[in-house]
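Observations on chain architecture
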Amino acid sequence: MPEAAGAVRAGAAAPACGLIARDRGLLWHPYAPLDGDAPYAVLGASGTRLTLGAADGTPFDAVDAMSSWWSAIHGYRNPVLDRALLDQAGRFSHVMFGGLTHGPAVELAERLVAMTPDGLDHVFLADSGSVSVEVALKLAVQCQLGRGRPRRTRFLALRGGYHGDTFAAMGVCDPVDGMHAAFPSLIAEQLFLPRPPAARLVGGELLADAEALAKWVGTLEDTVARHRDELAAIIVEPVLQGAGGMDAYAPGALAAMRRVASDNGLLLICDEIATGLGRTGKLFASDWAGVVPDIMCVGKALTGGYLTLAATLCSAGVARAITGSPLRALLHGPTFMGNPLACAVACASLDLLAASGWEDRVRGIRRGLQDALKPAASLGAVREVRVLGAVGVVELSGPVNVPAVTRAALGHGVWVRPFRNLVYTMPPYTSTPADVAEIGAGITAAIREVHG
Ligand code: PMP
């Protein structure tokens, strides 16, 4: 359907057209009405390319600018991950985790403890990012209970934050963007700090306005001083807020949250679900501030985008408080906890990450995006272009015409999924310089064509 799309695939138009027709009105898609814009059908995916079909045309290849929402860091049909999945399927695909354990879960937990900052020693294997956030919140409340502070059940979060779609996770998302008003009686009222001052990458460092930061830290200190006795933890996306606007904030704000949390008996929860595993240029975004949280969530890229899996890690101190309490156990245990297929692929994905020279790759993607997106900065509709690690963002002055920009980008052979006023990309780490250049050029051309 996009006229100038890269390689056109003959012969597969009918399946795409049929699938899309059968999907419409039957399946819900993320944050979309049942009769919303027609999706594109995925007919194949390999390396950094998706083969897509539209309702009314010939299938075509597009370079993937999204890593399937931060997850497919090693690209699609990666032979190492395919092998790990098949090997584990040949042993067993799933067993309950109650009363049983298995190699993939133990090996994954050992890897996670070894690779996360020192001090995170215990692992809960959850079945999605949102669930890992629920577990993090439970850990914090149970820890406070175990420390003899049963009234500490609330959370301090950031405006512009996003932590998932289940109810407790929604409760710590930005109250407006997080649509709290839609579920008034189901969402606990939490406390929010203003967004910390924005930071921009200058010569490899994330810099922010010092005066604005000092003022923000003052607000943090006042808020915690007033609410200390009811707060269990501070929960944040470290340094880069994703769904809230793809914007980086001062690492000094994260360091201040660590200090203020420790001084006041609160825990610090870092939600690294989007930012973890190298995406921001550091292995974990908390590393930008040299901060070690008490609880950390990882997900998305954990299985290289193959299967849904997330992990919540906690410190020995948190674990001790819980095991020393009358409850003793952490009160959570989903059916698919520690799914062996997902754990086996995650082990292979983490090994691949370690062996892949991810730091150089992410640095190369950053440079490529900085060059390729530079022309977008001079477009009339564009407010700002910013790049952090392997995340490139073009912020428009007004809302993006999502279907039109998506279609226009596909016309240039690029799969991108804008939201609100943002056209952004976080390509697979396996993207070549040519892929990155194509992504930047496609995004720029699409914005120019649709918004001027
Ligand atoms: N936290 C953050 C920072 C996220 O970006 C997301 C997903 N976009 C989640 C939590 C929720 O993860 P999931 O979609 O796997 O439930």
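These remarks concern the structure in this document. Being a predicted model, the structure only gives us computed values, none of them experimental. (Residues numbered from 1 in each chain as written. Predicted model: local features only at pLDDT ≥ 70, side-chain atom pairs only at ≥ 80, totals over all residues. Heavy atoms only, no water.)

1. Concerning the overall build of the protein chain
Put simply, the test is: Here a helix means four or more residues in a row that DSSP labels H or I, a strand means two or more in a row labelled E, and each is numbered from the N terminus. As defined in this context, the radius of gyration uses C-alpha atoms, and a globule is described by 2.2 Å times the residue total to the power 0.38. Buried, partly exposed and exposed residues are distinguished by accessible area as a fraction of the type maximum, computed with a 1.4 Å probe on protein chains only: under 20%, between the cut-offs, and over 50%, respectively. In this analysis, two residues are considered to be in contact whenever any of their non-hydrogen atoms come within 4.5 Å of each other. Under the counting rule used here, the positive set is Lys and Arg, the negative set is Asp and Glu, and His together with the chain ends is not counted. Note on charges: their place is set at NZ of Lys, CZ of Arg, CG of Asp or CD of Glu.
Assigned secondary structure in the protein chain consists of 13 helices and 18 strands. Expected size for 452 residues packed as a compact globule is a radius of gyration near 22 Å; at 22 Å, the protein chain falls within 12% of this value. Here the C-alpha coordinates of the protein chain stretch approximately 65 × 55 × 45 Å along the principal axes. Per-residue burial over the protein chain gives 53% buried out of 452 residues. Counting contacts in the protein chain only where the partners sit at least 6 residues apart, residues at least 24 apart contribute 72% of the total. Here the protein chain contributes 38 positively and 42 negatively charged side chains, and the mean placements of these two sets differ by 2 Å.

2. Here we look at helix 10 (residues 340-355)
Cut-off, in case you're wondering: Under the convention used throughout, the expected extent of a helix is 1.5 Å for every residue step, that is, one less than its residue count.
Taking 1.5 Å of rise per residue, the 16 residues of helix 10 would be expected to cover 22 Å, and the 22 Å separating its terminal C-alpha atoms lies within 8% of that figure. With 13 of 16 residues buried, helix 10 lies mostly within the body of the structure. The first or second residue beyond helix 10 is Gly 357, which carries a positive phi of 65°.

3. Concerning the site of the ligand
The cut-off we apply is this: It suffices for a single heavy atom of a residue to lie within 4 Å of a molecule or strand for the residue to be listed as near it. When residues are sorted by character, Ala, Val, Leu, Ile, Met, Phe, Trp, Tyr, Cys and Pro go into the nonpolar class, Asp, Glu, Lys and Arg into the charged class, and all the rest, Gly among them, into the polar class.
Near the ligand, the surroundings consist of Ser 128, Gly 129, Ser 130, Tyr 162, His 163, Gly 164, Glu 237, Asp 271, Ile 273, Ala 274 and Lys 300. Split by residue class, the shell around the ligand holds three nonpolar, five polar and three charged.

4. Describing the packing of aromatic side chains
Applied cut-off: Two rings from Phe, Tyr or Trp (for Trp, the six-membered ring) form a pair when their centres are within 6.5 Å of each other. A pair whose planes differ by under 30 degrees is stacked, one over 60 is edge-to-face, and the rest are tilted. Lysine and arginine charges are scored as sitting over a ring when NZ or CZ, respectively, is within 6 Å of the ring centre and within 35 degrees of the ring normal.
Going through the model one piece at a time under the given rule, you end up with three aromatic pairs. Their ring planes at 80° and their centres at 5.5 Å tell us that Phe 167 and Phe 183 sit as a pair that is edge-to-face. One end of the pair, Phe 167, is in helix 6 (residues 167-171); the other, Phe 183, is in the loop between helix 6 and strand 6 (191-193), with 16 residues separating them in the sequence. On the basis of relative accessible area, Phe 167 is assigned to the partly exposed category, the value being 38%. When the ring of Phe 419 is compared with that of Tyr 424, the centres are 5.4 Å apart and the planes differ by 85°; the resulting orientation is edge-to-face. Here the basic side chain of Lys 282 rests over the ring of Trp 288, its NZ or CZ set 4.7 Å away from the ring centre.

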